[in-house]
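Report on the structure
What follows is the residue order along each chain.
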Amino acid sequence: MMSMTSHKRAAFACASAISLLAGEAAAQAERQEPAEVGEVVVTARRREERLIDVPVAASVVSAAALAERGGAISTGELLAGQPSVRFNNLTSSITSEVSMRASSTARATNGDPSVGLYRNGAYIGGGAIGGRNFSRLDMFDIGRVEVLRGTQGALYGRNAVGGAVNIVSARPEFSNGGYVDAKYGVETQRAQVQAAVNLAASDELAFRFGADYVHQDDGFFYNPVNDVHFDQEKGLGLRAQARLAKGPADVTLLVEHQQLTTPTITYQIAIPAGSAGFPRGYIQDQFAYPWNTPPLAKQNISAAMLSAQVDLGWAEFSSTSLVRVRESMYALDSDGVNPQELARARAAGQVAPATPIDPNGASVTADRTKTLSQDVRLSGQALEGRLDWLAGAEVMSQESRYSVTLGRTPTAAAPSVGTVEAAVQNYESWAAYGALTYDLTDDLSLTGELRYTSDDKTLTSRLRDRITNQLAGGAARIVDGTSSPENLSYNATLAYSLPLNLLAYGKVGTSYRAGGFNRNLGDLRQPVVVPVAYDDETSRSYELGVKGAPLSGVYVALAGYRTEMTDMIAQLDNGCRVTNPVCPVAATSFLTNAGDARSWGVEAEISGRYDLGDGQLRLSLNGSRQGGEVTSGRYAGLSLPQTPGWLASAEANYRVPVAGVEAFGNIAYNAQWGGVQELSAATPKLSDFQVVNARLGVDLGRIQVAAYVENLFDTVFIVAQDATVRRYSRPRLSGLQLRYSW
C-alpha cells in the first residue's frame, strides 16, 4: 500500500495540472504501448505522478489511445467513452458544446459553457459564439487530454461547474521525428492530411512544426438550391513551436493559425398534419433541405502562447501567457424553404394560403472574440515534505464583437430588407487562488483549495435598419449593460489509502458560472421577450469515490455525487416557429435564470489489459446514471434538459503479430438512454441510441495502414428537435487511413 505522501503529491499535481504546460511528445506516441489506465501519468512540477493516486474523478486520454481510434477531429470523438460526459451535438462545431455531470447547456446562445475549456492550461472559452466547444485546431497534434469531472471552480475558476477539460498539445522534444497521417472518407469524398515534424537543434533547443489540411465538398446533408452540403469542411491549420530548456528554465513559444470552412447548422422542417397553418403537414426530406440562403459556417483562429517553468530551488515558478483571436460565423435560412418550394407546398395543400411565411427570411451570425490572459503561480513543499502548497493569480481580458443580420422580403407596407443587431461586450476578470495539501498521517491527507474571482462585464448593443441605418425596435433594443459579480469558491478533499491498492476520498466544493447578456435579442415580432441580462449561477457539490488497481492489470473507479445549484442558467427560446402566425421564423434561443436545481449521479469505470493468444487485448467499460430537476420557481418539478438518464461505453483494442507484421483492431461502443430536450413540460425526449465504430489494420513499423467504419450499423437518430424542427446524426462513414512515422 502506498504512503499518503504519494497520494498527497498526486492530488496537488492534479490540482495544478491544468495550469501547467507539460507532457511527453506525441510524435511517435501511436507506436508506443499505452500505459494501464491507472498508471497513466499527469506530468506537473517537472515530475511524473500516477493518476491512480489522485483523489478526484479524473481521466487522461493519451495520444496512443487516440491513435488507436484513428484520431479525433471533433470534441465528441475526443471525449467519447468518458463517464458522465456528454457532447451536445447541434451539427455544427460552432454551436455544439460539452456537458458533464448534468451541468446545464447554453445551446445556440452566446452564453459561456458549464465546463471549463483549456488549451495547455489557458482558458479558451467564452465569447459570443464558438466559445462553448473546442476548435479543430485545438484537437490537432495532441499530447494528451486531461478530463476532470465534478466541481473544479476553486482552482480552475469560471464555468467549471460540471468539470474541466484541458487539451495539452504535443510540444517540442529533444530528438528528431515526425509523422504524416492521411485519411480518406469514402461516402463524403473527404481528404485529410495531418503532419508534424520535431527537430532538435541541440540538447537545449528544439522546434516542432505541424499542419492540418482537410478538403470535403461532399457530405450527407445537402442543399439542392445552392448545390452545397451543410457538412462541407475545407481549410488549413498551421502551428510552429520553439522550446528552450536551459538550466532551471524551460520555455515554450507556440504560434498557430487556422482558416476553416466548418460544418454549419442543419435542420429539417417536420410539421405534422393538422398543425396551425399546415392542414396536410409539411415534412422535408431527412437529408436534403431546400434553403435559398446558402448554408455556410467559418471559423478562423490566430493564437500565440508562451509558457515557462523555472525551478527556483525552494519553489517552482510557472507562467502561461495567451493571445487568441477567434472569428466565427454561420448563415441560417430562418424559414427553411425557398419561394418555389413554398409555392409547391401551398399548391399541394401542405401549407395554407394565408400562412405568413417569408421564403426569403435569413440570418447571419458573426463574432470576433479576442482573449488576452496571464496566469502565474508558485508551488512547493514545506514541513519536511508533509505539506504541499500552491499560490497563483490570473488576469483575463476578452472583447467580443458580435452581430446578427436578419433578412426579409421588402413590401410596400414594410420596405425594409431587414435589420442588423451589433453588440460589443468587454469582459475583464482577475482571480487569486491557492491550495494546501497536508499529510495528517501516512495514509490520510486533507486538501483545501480556494479561489477569489472578480469579473466586470459591459455590453453595448444597437438594432438598426439595414438600408437606412436608423435605430429600430424602440428603447428595448438600445442596450447599455454592466455587471460586476464577485465569487469565492472552495474545494475540500479528504483522502484515505485502503488495502488492495485502493484510494477512498470525499469532497465538497463550490463553483461559479458568470452571468451575462443575451446579445441576440431576437425578432421584433417574438411572443416571448428575450431578456437583456441574466444573473450568476452558483453551486455546491458533494462527492464520494474510490479508485485503484486491486488486481494486476485492472483499474476500477466508482464515484457518486450530488450538486445543488442556485439561480441555474437555462436555455429557452422566444416562441417563434414557422407554425406561429405572429412570428413565422426559426426560434431564437436565449439564457435566463430558471430557479434553484438539484442534480445527482453515479459513475463507474473498469479497464484492464490481458494476454490473449499471441496478442494483447485491452478492454474498458464505463457507465453512469444521472438525473436532476428544478426545485424552485416557475419551472419547479421539471427535469433538467439535455441530461440522459444513462450513458454507457465500451472499447476493445487487440494487437497480435501475424506473418511478420502486427495486426490490430479497435471497436468502440457508445450509448445513451433517457432524458428530455428542453426545460418544458411538453418537451420531446432525447433520442436513445447505440453507436459502434470499428477500425482494422496492420502496423509495418514505420508504416501503418487501416480501414475504418464510423457508425458501423448506420444508426441515425435525432440529436435535437422541437415542435417543428429536427436535427439528425451522421449516417455511416467508411474510409482508409495511411500513416508514416519516423
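Residues numbered from 1 in each chain as written. Predicted model: local features only at pLDDT ≥ 70, side-chain atom pairs only at ≥ 80, totals over all residues. Heavy atoms only, no water.

Side note on the confidence of the model for the protein
Using the following cut-off: The pLDDT value expresses, per residue, how confident the predictor is, ranging between 0 and 100. Throughout, a residue-residue contact means that at least one pair of heavy atoms, one from each residue, lies within 4.5 Å.
In the predicted model, the protein carries a mean pLDDT of 89, and the fraction of residues at 70 or more is 93%. Overall, residues 1-34 carries pLDDT values under 50, and its contacts beyond four positions in sequence, including any with other chains, amount to 139 contacts. Low pLDDT, under 50, characterises residues 43-48; the stretch is placed with 26 contacts to residues that sit more than four places away or in other chains.

Topic: the packing of aromatic side chains
Our working rule: Any Phe, Tyr or Trp ring, taking Trp's six-membered ring, that has another such ring centre within 6.5 Å forms a pair; planes under 30 degrees apart are called stacked, those over 60 apart edge-to-face, and the others tilted. Relative accessibility decides the category of a residue: with a 1.4 Å probe and only protein chains considered, values under 20% of the type maximum give buried, values over 50% give exposed, and everything between is partly exposed. Charges are assigned to positions over rings by a cutoff of 6 Å between ring centre and Lys NZ or Arg CZ, combined with an angular limit of 35 degrees from the ring normal.
Counted according to the given criterion, the structure contains eleven aromatic pairs. Residues Tyr118 and Tyr123 carry aromatic rings whose centres are separated by 5.7 Å and whose planes lie at 70° to one another, so their mutual orientation is edge-to-face. One exposure class covers both Tyr118 and Tyr123, and it is buried. Put simply, the rings of Phe230, Tyr267, Tyr289 and Trp291 touch in pairs and so form one group of aromatic residues. Looking at Lys183, its charged tip hangs above the ring of Tyr708, at a distance of 4.8 Å from the centre. A cation over a ring is seen here: Arg739 above Tyr179, with NZ or CZ 4.1 Å from the ring centre.

What about the side chain of Asp181?
Counted only if it meets this: Numbering of helices and strands starts at the N terminus; helices are DSSP runs of H or I of at least 4 residues and strands are runs of E of at least 2. Under this definition, polar contacts are N or O atom pairs within 3.5 Å; protein pairs additionally need one hydrogen-donor-capable and one acceptor-capable atom, and for neighbouring residues in sequence, both atoms have to be side-chain atoms.
Its location among the elements puts Asp181 in strand 10 (residues 177-185). For Asp181, the side chain forms a polar contact with the side chain of Gln737, separated by 2.9 Å. Filtering out sequence-adjacent residues up to four positions away, Asp181 remains in contact with Gln192, Val193, Gln194, Gln737, Leu738 and Arg739.

Quick notes on the pairing of strand 15 (residues 233-246)
To be explicit about the condition: Pairing between two strands is assigned when DSSP locates at least 2 bridges connecting them.
Burial of the side chains of strand 15 is restricted to one face: Glu233, Gly235, Gly237, Arg239, Gln241, Arg243 and Ala245 are buried, whereas none of Lys234, Leu236, Leu238, Ala240, Ala242, Leu244 and Lys246 on the reverse face is. Two elements, strand 12 (residues 205-216) and strand 15, share twelve bridges in a ladder whose sense is antiparallel. Looking at the pairing, Phe207 lines up with Ala242 of strand 15. Here strand 15 folds back onto strand 16 (residues 249-261), and the loop between the two strands holds two residues, one of which, Gly247, carries a positive phi near 60°.

Some words on helix 5 (residues 339-347)
Keep this limit in mind: Directions pointing from the helix axis toward each C-beta atom define the arc.
Listed in full, the buried residues belonging to helix 5 are Glu341, Leu342 and Ala345. End-on, the buried residues of helix 5 take up no more than an arc of 100°, which puts them together on one face. For helix 5, the exposed residues set more than 90 degrees away from the buried face come down to Gln340 and Ala347. Each element contacted by the buried residues of helix 5 is listed here: strand 18 (282-283).

Let's talk about the pairing of strand 31 (residues 554-566)
Examined bridge by bridge, strand 30 (residues 537-551) and strand 31 share twelve bridges and lie antiparallel to one another. Bridge pairing links Val546 to Leu558 in strand 31. Counting the residues that bridge the hairpin from strand 30 to strand 31 gives two residues, and of these Gly553 lies at a positive phi of roughly 80°. Bridging between strand 31 and strand 34 (residues 597-612) involves twelve bridges; their strand directions are antiparallel. Each bridged residue has a counterpart across the sheet, and for Val554 the counterpart in strand 34 is Gly608.

Let's talk about the side chain of Arg326
Stated formally: Here Asp and Glu are counted as negative and Lys and Arg as positive; His is not counted, and neither are the chain ends. Salt bridges are identified by distance alone: a Lys or Arg side-chain nitrogen within 4 Å of an Asp or Glu carboxyl oxygen.
Mapping Arg326 onto the fold places it in strand 20 (residues 316-333). At 4.2 Å, Asp367 is the nearest oppositely charged side chain to Arg326, a buried residue that forms no salt bridge. A distance of 2.5 Å separates a polar side-chain atom of Arg326 from the backbone oxygen of Gly126. Those residues within four positions of Arg326 in sequence are excluded, and the remaining contacts are Ile124, Gly126, Gly127, Ile129, Gly130, Gly131, Gln299, Asn300, Ile301, Asp367, Arg368 and Thr369.

Considering the pattern of salt bridges
Inspection of the entire model under this criterion finds 37 salt bridges. Note that Glu68 and Arg618 form a salt bridge whose closest N and O atoms lie 2.2 Å from each other. Of this pair, Glu68 sits in helix 2 (residues 63-69) while Arg618 sits in strand 35 (residues 615-630); the two residues are 550 residues apart in sequence, bridging distant segments of the chain. Note on accessibility: Glu68 and Arg618 belong to one class, buried. Salt-bridge contacts for Glu662 lead to Arg655; the nearest nitrogen and oxygen are separated by 2.7 Å. Looking at Glu662, the relative accessible area reads 27%, which means it is partly exposed.

With respect to the sheet that holds strand 7 (residues 122-123)
Reading across from one edge, 3-8-9-6-7 is the order of the five strands in this open sheet, with mixed pairing throughout. Of all strands in the sheet, those bounded by a partner on one side alone are strand 3 (58-62) and strand 7. As paired elements, strand 6 (residues 115-119) and strand 9 (residues 163-169) share five bridges and run parallel to each other. Residue pairing across strands places Gly116 opposite Ala164, the latter belonging to strand 9.

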